[in-house]
Structure formats: C-alpha cells, structure tokens
Amino acid sequence: MPLDIVMLGPPGAGKGTQAARLAKHYGIPAISTGDMLREAVQAGTDLGSRVKAVMDRGDLVGDDLMIEIVRERLARADTANGFVLDGFPRTRPQAGALDAMVNEGGLSIIDIAVPAEELVRRLSSRRICRDCAAIADPASVERGATSCATCGGMLVQRSDDREQVVRERLAVYERNTKPLLDYYRDRPSFRTIDGLQPPDAVFGAIAEAIDGMAAPGGGDKVRTPLVPEGPRPGAAG
Ligand code: AP5
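Residues numbered from 1 in each chain as written. Predicted model: local features only at pLDDT ≥ 70, side-chain atom pairs only at ≥ 80, totals over all residues. Heavy atoms only, no water.

A. How the structure looks around the site of the ligand. Around the ligand sit 35 residues in total, of which T17, D59, R90, R126 and R169 are the nearest. Side-chain polar atom of R38 to an oxygen atom of the ligand: 2.9 Å apart, as the coordinates give it. When the ligand sits alone it has 1,000 Å² of accessible area, and the protein chains cover 94% of it. If you tally residues by element for the shell around the ligand, the top one is helix α2 (residues 33-43), at 4 residues. Considered class by class, the residues forming the shell around the ligand number 16 nonpolar, 10 polar and 9 charged. (Near = heavy atom within 4 Å. Polar contact = N/O pair within 3.5 Å; in protein donor to acceptor, adjacent residues only side chain to side chain. Areas by Shrake-Rupley, 256 points an atom, 1.4 Å probe, with all protein chains shown as cover. Helix = DSSP H or I, 4+ residues; strand = E, 2+ residues; numbered from the N terminus. Nonpolar A, V, L, I, M, F, W, Y, C, P; charged D, E, K, R; others polar.)

B. Geometry of the packing of aromatic side chains. Considering all chains together, one arrives at 1 aromatic pair under this definition. Centre to centre, the rings of Y183 and Y184 are 5.0 Å apart; their planes meet at 75°, and the pair counts as edge-to-face. The class of Y184 is buried, set by a relative accessible area of 0%. (Phe/Tyr/Trp six-rings, centres within 6.5 Å; stacked < 30°, edge-to-face > 60°. Buried < 20%, exposed > 50% of the residue type's maximum accessible area, 1.4 Å probe, protein only.)

C. Up close: the packing of α2 against helix α3 (residues 46-56). Remark: α2 packs on α3, axes separated minimally by 8 Å, with the N-to-C direction vectors making an angle of 115°. One element, α2, and the other, α3, form an angle in the roughly perpendicular class. The way α2 lies across α3 gives a crossing that is left-handed. Between α2, through G34, L37, R38, A40 and V41, and α3, the contact on the second element is made entirely by L47, G48, V51, K52 and M55. (Axes fitted to C-alpha atoms, helices over the stretch in contact; angles between N-to-C directions. Parallel < 35°, antiparallel > 145°, perpendicular 65-115°, else oblique. Left-handed = near helix turned anticlockwise from the far one by under 90°. Contact = heavy atoms within 4.5 Å.)

D. Broad picture of unusual backbone geometry. Note that the residue after F88, namely P89, is joined by a cis bond; omega there is 5°. Tracing the chain through its elements places P89 in the loop between β3 (82-86) and α5 (92-101).

E. How the structure looks around α3. Of the residues making up α3, those classed as buried are G48, V51, V54 and M55. Looking down the long axis of α3, one finds its buried residues gathered within 135° of arc, a one-sided arrangement. Across α3 from its buried face, at more than 90 degrees, point the exposed residues D46, S49 and R50. Next to the buried residues of α3 lie α2 and α4 (63-74). G58 sits one or two residues past α3 and shows a positive phi near 85°. (Arc of directions from axis to C-beta.)

F. Broad picture of the sheet that holds strand β7 (residues 190-194). Read across the open sheet, the 5 strands follow the order β2-β3-β1-β4-β7; overall the sheet is parallel. The open sheet terminates on both sides in strands that have one partner only, identified here as β2 (30-32) and β7. With strand direction ignored, the average angle separating the axes of adjacent strands in the sheet is 20°. Across 5 bridges, the pairing between strand β1 (residues 3-8) and β3 is parallel. Across the sheet, M7 pairs through a bridge with D86, a residue of β3. Relative to the sheet, helix α1 (residues 15-26) contacts β1, β2, β3 and β4 (107-113), its axis offset from that of β1 by approximately 165°. Across the sheet, helix α10 (residues 199-214) touches β1, β4 and β7, and the angle it forms with β7 is around 165°. (Pairing = 2+ DSSP bridges.)

See the structure below:
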C-alpha cells in the first residue's frame, strides 16, 4: 500500500527536516519542490532562469508549472510505495491537482504548527549545504560550523532566508497556503503537530500520527493501493 504523506506548514516549520527523517524511516522518497527548483536555479536550466526572481522575492511559482513538475515526479517508479511531499501543494488549485493525481483518500496530511516569531528566528539562522542541500544542524551552525556534516560541502544561506524575504514568504503563506488547512481539515487523515517541540519529539508525534492512521480503523480511511508493486499507472519509469 503506498504511504503518501503531505507536509504542510509555514516556511521554517520543519517540513524539510521532518520529510527527510520520515523518508528514511518509511523507505520512501522525500520530494521537496523547493529543492527541485533550487537545483534548477543552481544548474542554470531554463526552468531555473524562469523561477529564480520569483523565489528570490519570496513569491510563489505559477500553479501550472508546479503541477506539471510534481506530476512528472510522482510518475517515477520510486514513488510506487509512497512519498513524502514537502512544499506542495501550496494553493487550492495545486491541492485539487494532487487529489486528481493520487488516491486522495490515501493521503496522510501533516500540518506542522509554529508561531511566526520562531519561524523568523529559525530561518534567519538556517544554513544549507551548497552541494547536497542538507539542512545543517542549528547547534553546529551556532558553534561556527562552515561545512556540511553529510558531504563536506560549504554551508550557505538561502537567498530567500534574508529577514525581509522571510517576512514576505510568511505573508504569502498566510494568504495562499494557510487556507488549505480548511480544505483538508475535515479529512480523517489530517493531523496538526506542535512544531515547537525539539525535532526528535516532532518526528515521534508525526510517526505516531501516521502509524495511527494506517492502523485498522485509524483515521477511518481506506488506503486503497494504487499499484501493489512497480510504478504508478502512467509512470515514466
Ligand atoms: P521551500 O523550499 O518549500 O520553502 P518553505 O516552504 O518556505 O519552507 P522552508 O524550506 O523554508 O522551511 P521548512 O518548513 O522546510 O523548514 P526546515 O526543515 O528547513 O520553497 C522555497 C520557494 O520555492 C518558495 O518560496 C516558492 O518561491 C517556491 N516554491 C516551492 N514550492 C512551490 C509550490 N508548490 N508552488 C509555488 N512555488 C513554490 O527548518 C527550518 C530551520 O529550522 C532549519 O534550520 C532547521 O534545522 C530548524 N528546525 C527544524 N525543526 C526544528 C525544531 N523542531 N526546533 C528547532 N529548530 C528546528
């Protein structure tokens, strides 16, 4: 049965941090639309040049483009057993498109809640690896670490993590993405998690919620398998 997880929450809530951990725990790929776009910018592709200015000012890339990117990514064979989607959907049209791409009753929707001032604090001090995009441990950044613990690459600040852009991203979240909570709230597989807890505790709470939904009767949803093995229907492979 595919385990299709959607991570919701404002910028800095810990979606990326937890998506990586959930992916490892459940053996499914973490798919971050932000990482995909940043890779395209770094590689200087046509996509990268189309989205760079939008991202640098903290705005959202257009729905049609994002839906196409995610449709192609979810058609790959490695999502046959599920995925952790981080950064998508962010608008109502994106949420509708996702429901049409997968078995919507099978989505596990996790909203990580964190107050705005903590988000600004986290994002202004965040550093990521220029080479592998891993998020550096905040404690090691505070101690002065300049290289990635995973691959040794240089730690850098994201261009949209400057305080002014962070505030714009939070405003964009309030306007465009927060309304999605109402779109999902009534589904039995929707959970809000307190993201102010330490990362280990946040992870434990999310895993417990997901395991509870998958248990018989938990969440009262039918986890109909899309495909028992191999790629999803229409997968490019
Ligand atoms: P994206 O990369 O998705 O950015 P975001 O949603 O703004 O989220 P962040 O990556 O900033 O935060 P996060 O919640 O993942 O937190 P993290 O785990 O890193 O998108 C970037 C841009 O791409 C968008 O602005 C837009 O332009 C474009 N884009 C992407 N997807 C799009 C879409 N679908 N449609 C349109 N445009 C799109 O944690 C943050 C920091 O806090 C880290 O330093 C971390 O170590 C720390 N931390 C994490 N958890 C904790 C904790 N529990 N306690 C203390 N510190 C913690």
